[in-house]
Amino acid sequence: MKKFNIAALLLLVMLVVSYALPIAEASAAPTLEVQAKAGLTGKAKYQSVTPLQVTVKNNGADFSGDMAINAFNSYQAASALVVPIDIAAGEEKTFTLYLDGLADYGYSDDDVFAFYEGSIEKGKKVAYKGTKRLQANFLEENSVFIYTLTEKSDRLSAYLRLSQFVPSSKVEIFHLNQLKDYTLPDVAQGFAMANIIAVDEAAIADLSQKQQEALLTWVQDGGTLLLGGSEQINTTAGIFKEYLPLTLSQQTTSVSADSLKNLSGGGNFTQAIDVYTATENEGSIPVLKDNNTILAAKKKIGSGEIVQTTFSLGDEPLASMDGYAALTAKMIDLQSKSQQTVMQGGSTLDQLSYELGSINELFPSFEVSVSYMLIVIILYILVIGPLLYFVLKKMDKREHAWWVIPAISVVLSILLFIVGAKDRIVQPQVQQSAFFKVNEDSSLNGYYVESILTNRGGDFVVNADKSTTALAFRNNYNLSGTTGALHESSYIKENANGSTLTLRDLSYWSVQSFGGKTAAQNIGKMDVDLTLKDEKLSGTVKNNFPFALKDVTVISGTKEVQLGDIEPNAILKVDKEIKTTMLQKPTNFNNYNYDYPKTKEEVDPLRIDRMKSQALLLVENDKQPVITAWAEQAIVGVELGTSVKMSPISYFIQPFNGKVELSGPFTMKRNNFTYNLTTQSSNASFDKIDEQLNTWYLSDGVYELSIEMPDHFMDFVQSLNELTIANKDVKRMQLSIWNNATKDYEPFVDTKQVFTNNITQYFNEEGQLRLEIKFGPDQTGEQTKLPDIELKGVAK
């Protein structure tokens, strides 16, 4: 009886302990609550890096591990961001992060956050409460985001009226100094959504060194920094002192209201303003100029620019005058900013995945030689048949054929496998396709796609430097949905040197691609000294890159002139015919070759052709001809964490100032001009079908068509004698032309309107004329043609 009582007591104690232990363990586990906000004041932009503020509160035991953010960057490009965090019991922390892009749609039912104690590789997953999906007010990629650094937002209240000058786009103003609990970023990603940053009476020199460097990197990547004039600008400009377009004096001069009206394109000004007298620094280009008085000038820095004014951005009386918004729109070229096809972020990587990635994933080792296989089969038959029979018969060993034949077959199969797969066994193979815009300061900005052909199964780690992003492309077979949370297929971890992309659980002999933006400083450029005269291009091109350039080509409009190859530091003499009377920006039309290569020799030419099509988008907003080339050189700052067999191709596109020598009469046709179409009514929309054929889709509505001469063309003109504009769709299209003298539109009377008197009144200082198009009603939905133009004149 006593033994039974002891046994029962022990059993009771064990039961109590078994129930108590999980409770104790549960009470000791971290209990995490998460609140997250995406965008800036809840707003985000498609195709742009997106700020993310994450607040994590720990109501349980200490937590030390990784936080994964399963945010999809786009349809094709997606990698989770993994951040190491430490949160003590009862502690609350806020993290400011930047996603390379954020799509407003998802492909998985998994939570956007995941937490792992220890590490994501080997740690235990911890549940959390709170934000399960990221939400933001997403604006179209052509929206213009303007950040300001000003102590009083009222000083720049005129910026709120900028939207009226780009009816087809939204203009969003963010006064960073006035945002609650906002800290100015110290990484360039923090400024990535901004097209323009305006600095009004704020000292950049007062920012930390990291914040100044981040701002400079943002400009080099394509941003526009607007600096207001002040007496101490050289001191307050900080890191930008050496890049200033202007040197301001202590003296001022007056600019009349009438001059401001003309400069702004018709804005209403009630009185004159005072501006600092200034001289242009090297590389400066005037933006606003009243005779010899400069109001604003710009200077290129990498792919971006600084616009500097000789007046304070927010001082009275200018700040409160109605025309100030029009002057600002002109000064920052707002219309061009809203028309930009900015190649960044999500959808660009989608495009690269579709059009370049599919070709980049074709490795030469995939090709199977039919003739080689036939020879092997024939030799095999000869060995197994007559030859083997003859040998065994001579040796009187024919009874051994039963095991000799299978043994020879196995040995031959192994030899065939080793010979055919030797490239796939030794090390991974990598193909890198990158294209770059070459800037005036020898820096490069561009995009890349890199494909890995694995030689084993498991994880592969890619290291990227600070100037390069890396996102995994989703395999085509997995587009309908993910097999798990995003971080289970790929994730990014940032570090002091850049970031690492981990591609998880890749299959043996599989292909995985990734890509992103990339930049490099002080790599090199081509020195181009070319002159066009009598339809002949002559001069020199020097290769300042430290490697050879192949297939150097000049592109002007639809014309391409191949110049040849150039060794490093060599000079190529040019004397080529080109059937054109002027040099102009490339005409971007759909010339994609969608055929797949039939042999391995066709793969690289097709890679180059696809890169060329993408690279032309990088110079879409430039007004100059370009020179292109490619090299078998790896420039992108990414490296696989193991030795690889690399096959890189880098494609370069560089705008240049071509000289033109014209003499006597000339005639300019439509393809010599650049067309820019914008909507002027909220219900209007358009789509360019083929720029070369001038075919478009237009919905009913009002549009403005800007027709622009080649850059600096008016410098060669003595007189303009005849302007002809033809309406190519009379039934659906009504045309009017803007008169810069009367500041009004003049309706067309004839289908083909011919102007012979005072033609210059229709062209502004930049060589642009503006047409108003009223399109509709249209019941057909068929494509249309925009107006045709012809200009006759006499050169100096």
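Starting from 1, residues in each chain are numbered consecutively following that chain's sequence as written. Local features in a predicted model are, by the rule used here, given only for residues with pLDDT of at least 70; side-chain atom pairs are given and counted only at 80 or more, and totals for whole chains, interfaces and linings are based on all residues. The basis for every side-chain value is the complete set of non-hydrogen atoms in the structure, without hydrogens or water.

A. The arrangement of the overall build of the chain in detail. A helix here means a DSSP run of H or I that spans at least four residues, while a strand means a run of E at least two residues long, and both kinds are numbered starting from the N terminus. Summing up its helical and strand segments, the chain has 10 helices and 47 strands in all. Working note: accessible area of the chain is about 37700 Å², and carbon and sulfur atoms make up 51% of it. Using a 1.4 Å probe, accessible areas were evaluated by the Shrake-Rupley method; residue-level cover was limited to the displayed protein chains.

B. Structural detail: the packing of aromatic side chains. Pairing of aromatic rings covers Phe, Tyr and Trp, the last counted by its six-membered ring, and requires centre-to-centre distances within 6.5 Å; plane angles under 30 degrees mean stacked, over 60 mean edge-to-face, and any other angle means tilted. Scanning all chains against the criterion turns up 18 aromatic pairs. On the numbers, 6.0 Å between centres and 50° between planes, the contact of phenylalanine 686 with tryptophan 696 is tilted. With a gap of 10 residues between them, phenylalanine 686 in strand β38 (residues 686-690) and tryptophan 696 in strand β39 (residues 695-698) connect regions that are remote in the sequence. One aromatic cluster is present, formed by Phe63, Phe113, Phe115 and Tyr128 through successive ring pairs. One Lys or Arg, lysine 45, reaches over the ring of phenylalanine 145 and ends 4.6 Å from the middle of that ring. Whether a charge sits over a ring depends on NZ of Lys or CZ of Arg being within 6 Å of the ring centre and within 35 degrees of the ring normal. Over the aromatic face of tyrosine 128 sits the side chain of lysine 132, whose NZ or CZ is 3.9 Å from the ring centroid.

C. Just the pattern of salt bridges, in detail. Whenever a carboxyl oxygen of Asp or Glu lies within 4 Å of a side-chain nitrogen of Lys or Arg, that contact is scored as a salt bridge. Tallying each qualifying case throughout the model produces 20 salt bridges. Measuring nitrogen to oxygen at the nearest pair gives 2.8 Å for the salt bridge that ties arginine 732 to aspartate 729. Both residues of the pair, arginine 732 and aspartate 729, count as buried. Each of Lys43, Lys170 and Glu172 takes part in one network of salt bridges that share partners. Accessible area is worked out with a 1.4 Å probe on protein chains only. A residue is then buried under 20% of its type maximum, exposed over 50%, and partly exposed in between.

D. Spotlight on the sheet that holds β38. Think of it this way: DSSP has to see at least two bridges between two strands before they count as a pair. Spatially, three strands are ordered β38-β39-β46 in an open sheet, and the strand pairing comes out antiparallel. Looking along the sheet, the strands with just one partner apiece sit at the ends: β38 and β46 (784-785). Sheet topology places β39 next to β46; two bridges connect them, and they run antiparallel. Across the sheet, residue threonine 695 finds its bridge partner in β46, namely lysine 785.

E. Just the nonpolar core, in detail. We define a nonpolar core as any set of buried Ala, Val, Leu, Ile, Met, Phe, Trp, Tyr and Cys residues linked to one another through side-chain atoms lying within 4.5 Å. Core analysis: the biggest nonpolar cluster contains 163 residues, and Phe113, Phe115 and Leu225 have the highest contact counts within it. Only heavy atoms matter for contacts: two residues are in contact if any of them lie within 4.5 Å across the pair. Setting aside anything within four residues of it in sequence, one finds phenylalanine 115 in contact with Leu32, Val34, Val56, Phe63, Asp66, Met67, Ile85, Lys124, Lys125, Val126 and Tyr128. Of all hydrophobic cores here, the second largest spans 34 residues; its members include Val166, Ala198, Phe269 and Met321.

F. Highlighting helix α4 (residues 257-264). Three or more residues of α4 are buried, namely Ala257, Ser259, Leu260, Leu263 and Ser264. Projected down its long axis, α4 carries its buried residues within an arc of 160°, all on one side. α4 presents Asp258 and Asn262 as exposed residues on the side facing more than 90 degrees away from its buried surface. The directions from the helix axis to the C-beta atoms are what the arc is built from.

G. The arrangement of the sheet that holds strand β40 (residues 701-708) in detail. The five strands lie next to each other as β37-β40-β45-β42-β43, forming an open sheet whose pairing is antiparallel. Whereas interior strands pair on both sides, the edge strands pair on one side only; in this sheet they are β37 (674-679) and β43 (744-747). Mean inter-strand twist for the sheet, computed between neighbouring axes without regard to direction, equals 30°. The pairing of strand β42 (residues 733-739) with strand β45 (residues 768-775) spans five bridges and is antiparallel. The partner of methionine 733 across the bridge, within β45, is phenylalanine 775. An axis is simply a line fitted to the C-alpha atoms; with a helix, the fit covers only the stretch in contact. Between two such axes, the angle follows the N-to-C directions and lies from 0 to 180 degrees.

H. Quick look at a nonpolar patch on the surface. A cluster of nonpolar side chains, Leu387, Phe390, Val391 and Met395, forms an exposed patch at the surface whose accessible area comes to about 390 Å². Relative to the elements of secondary structure, valine 391 occurs in helix α8 (residues 370-395). On the basis of relative accessible area, valine 391 is assigned to the partly exposed category, the value being 34%. In this analysis, a patch consists of residues with relative accessible area above 30% that form no salt bridge, clustered at 9 Å for like charges and at 5 Å for the nonpolar side chains Val, Leu, Ile, Met, Phe, Trp and Tyr.

I. Spotlight on the environment of leucine 246. Mapped onto the elements of the fold, leucine 246 is located in strand β15 (residues 246-255). We classify leucine 246 as buried; its relative accessible area is 1%. Each C-alpha atom of the pair leucine 246 and alanine 278 lies 6.2 Å from the other, and the pair is 32 residues apart in sequence. Every residue in contact with leucine 246, bar those within four places of it in the chain, is listed here: Ala278, Thr279, Glu280, Asn281, Ser284, Ile294, Ala297, Gln308 and Thr310.

J. Quick look at the pairing of β37. The element β37 is extensively covered by neighbouring structure, given that five of its six residues are classed as buried. In this structure, β37 lies alongside β40, joined through six bridges in antiparallel fashion. Directly across from threonine 678, in β40, lies its bridge partner glutamate 704.

K. Highlighting the environment of glutamate 567. Take glutamate 567: it is sitting in the loop between β30 (559-566) and β31 (571-577). Residue classification places glutamate 567 among the exposed residues on the basis of a relative accessible area of 51%. Sequence separation between glutamate 567 and asparagine 544 is 23 residues; the distance between their C-alpha atoms is 9.3 Å. Excluding anything up to four places from it in sequence, glutamate 567 contacts Asn543 and Ala548.

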